[in-house]
Amino acid sequence: MTRAPTKILHISDTHLFSDKNKVLLKVPTQKSLEAVIELIKQKQEKFDFIIHSGDLSQDYLPPSYTRLAEMLAVFKVPTYYVPGNHDDTKVMMDVFPCHLVSNTKHIIINGWQLILLDSHIPSAVEGSLASRELTQLRHCLESHPDHHALTVFHHQPVPVGSHWLDNLGLKNADEFWKIVSQFPQFKAAFFGHVHQEFEQVVNGIPCYSAPSTCFQFARKKYDFGIEHIPPGYRWIHLYDDGRIETGIVRTKDYIGEFDGGAQGY
Ligand SMILES: [Fe+2]
């Protein structure tokens, strides 16, 4: 008998401030996340857990992390996270666990394993998987050959077609691909950072981003830009046989004032 899929809510790049009224590129990041949470509640789909693929905070101060945990607690399921370039790993480890946000980085569930990796380099915007992270990845894949596997980390392991953003991706993506290509049970890579919907098969492996819950970067653009697209989330269903179904849902409207002339953030 086929088991019901494991259902995951994937959110990313919430960029919360300690001051809940603060804006980033004219977007009140708190209100924007509230709109996404409201949308998820309206859809009434039940998730087994939440993954957040980084940039939880914009000011990496404890109150921003605590408030995020409070907001996500409405779903009554665990949240697992990876740090982004805007996060402070030490502060996160001090604040979490908090409410239902956990520091767990390896999840085994219904024939699957989720391997959460830290691609954050302190004081850098681009990312890299340190040797301890690559060792952990290999160890998890070797230890569970009978489990379908996927990874979650912040920086994109594949170019998304924007010159400026692809200079800020995962610098040692080759090392990541070299490891996972040795394990046929490896099924997908999920990430954040790119503030846009992206999906591409690389070396036979589908790669998926989640949109940001605040502003969206302009797609396929050489230089920095943002696009007038509402925020949203990704849903993921994992099946026993290794299949993945996934999609994006967005709010009806952009939250805040669209700043088409923004040169960076
Ligand atoms: Fe971000």
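That block above? That's the structure.
Figured I'd write up the structure that's included with this text. For clarity, every value in this text was computed on a predicted model and none was experimentally measured. (Residues numbered from 1 in each chain as written. Predicted model: local features only at pLDDT ≥ 70, side-chain atom pairs only at ≥ 80, totals over all residues. Heavy atoms only, no water.)

### Here's the deal with the coordination of the iron ion
- Within the protein, the atoms that donate to the iron ion are D13 (OD), H15 (NE2), D55 (OD) and H195 (NE2), at distances of 2.1 to 2.3 Å.
- The coordination sphere of the iron ion comprises four donor atoms, whose angles at the metal cover 89 to 178°; the geometry is irregular.
- We note that the donor set of the iron ion lies within a single chain, spaced as D-x1-H-x39-D-x139-H. A residue pair is termed long-range when its members are at least 10 positions apart, and H15 in the loop between β1 (6-11) and β2 (23-24) and D55 in the loop between β4 (49-52) and α2 (62-72) qualify at 40 residues.
- Since its relative accessible area comes to 0%, H15 is described here as buried.
- With relative accessibility at 0%, the residue D55 sits in the buried group. (Donors = N, O, S within 2.8 Å, 3.2 Å for Na, K, Ca; no water. Tetrahedral: all angles 85-135°; square planar, octahedral: opposite > 155°, others 65-115°. Helix = DSSP H or I, 4+ residues; strand = E, 2+ residues; numbered from the N terminus. Buried < 20%, exposed > 50% of the residue type's maximum accessible area, 1.4 Å probe, protein only.)

### With respect to the sheet that holds strand β5 (residues 79-81)
- Read from one edge of the open sheet, six strands run β6-β5-β4-β1-β15-β16, paired in mixed fashion. Edge positions in the sheet fall to β6 (101-102) and β16 (244-250), since each of these pairs with one other strand and no more.
- Of the pairings in the sheet, the one linking strand β15 (residues 232-238) to β16 comprises seven bridges and is antiparallel in character. Paired with Y233 across the bridge in β16 is V249.
- Helix-sheet contacts for helix α1 (residues 29-43) involve β1, β15 and β16, and the interaxial angle to β15 is about 45°. (Pairing = 2+ DSSP bridges. Contact = heavy atoms within 4.5 Å. Axes fitted to C-alpha atoms, helices over the stretch in contact; angles between N-to-C directions.)

### Quick look at the sheet that holds strand β7 (residues 106-109)
- Here six strands make up an open sheet; going across it, the order is β7-β8-β9-β10-β12-β11 and the pairing mixed. What marks the edges here is a single partner per strand, and that holds for β7 and β11 (199-202). Each adjacent strand pair in this sheet contributes to an overall mean axis angle of 20°, direction not counted.
- Examined bridge by bridge, β7 and strand β8 (residues 112-116) share four bridges and lie antiparallel to one another. Bridge pairing in β8 links I107 to L114.
- Packed on one face of the sheet, helix α4 (residues 131-143) meets β7, β8, β9 (148-152) and β10 (186-191) and runs near 175° to β8.
- Contacts between helix α6 (residues 173-180) and the sheet are confined to β9, β10, β11 and β12 (205-209), with β10 contributing the most and set at about 155° to the helix.

### Comments concerning the state of the cysteines
- A full pass over the atoms with the stated rule returns zero disulfides.
- Lacking any disulfide linkage, C140 is separated from the closest cysteine sulfur, that of C207, by 19 Å.
- Residue C140 is classed as buried on the basis of its relative accessible area of 2%. (Disulfide = S-S within 2.5 Å.)

### As for the environment of T213
- Within the element layout of this structure, T213 appears in the loop between β12 and β13 (216-217).
- T213 gets classed as buried once you look at its relative accessible area, which sits at 0%.
- Along the backbone, T213 and P230 are 17 residues apart, and their C-alpha atoms lie at a distance of 8.4 Å.
- Setting aside chain neighbours within four positions, we find T213 in contact with I11, S12, D13, T14, S32, L33, V36, P231 and G232.

### Brief notes about the nonpolar core
- By size, the foremost hydrophobic cluster in this structure holds 39 residues, and its most contacted members are L137, L141, F176, W177, F186, F215 and I226.
- Elements that contribute at least two residues to this core include exactly α4, α5 (163-166), α6, β10 and β12.
- Among the elements that line this core, the one with the most residues is α6, at five residues.
- If we skip the residues at most four places from it in the chain, L137 touches I115, L117, T151, F176, I179 and V180.
- Grouped together as the second largest cluster of nonpolar side chains are 27 residues, A69, F75, V77 and V249 included. (Core = buried A, V, L, I, M, F, W, Y, C linked by side-chain atoms within 4.5 Å.)

### Digging into the pattern of salt bridges
- Tallied over the entire structure, the rule returns 11 salt bridges.
- Among the salt bridges present, the one from K26 reaches E257, with a minimum N-O distance of 3.8 Å. In this pair, K26 is assigned in the loop between β2 and β3 (27-28) and E257 in the segment after β16, connecting sequence segments 231 residues apart.
- One salt bridge in this structure joins K41 and E38, with 3.7 Å as the shortest N-O distance. With K41 and E38 both in helix α1 and three residues apart, this pair spans about one turn of that helix.
- Its relative accessible area of 41% is what places K41 among the partly exposed residues.
- Taking relative accessible area as the criterion, E38 reaches 38% and is therefore assigned partly exposed.
- One continuous salt-bridge network, built from bridges that share partners, spans D118, R132 and E133. (Salt bridge = Lys/Arg side-chain N within 4 Å of Asp/Glu carboxyl O.)

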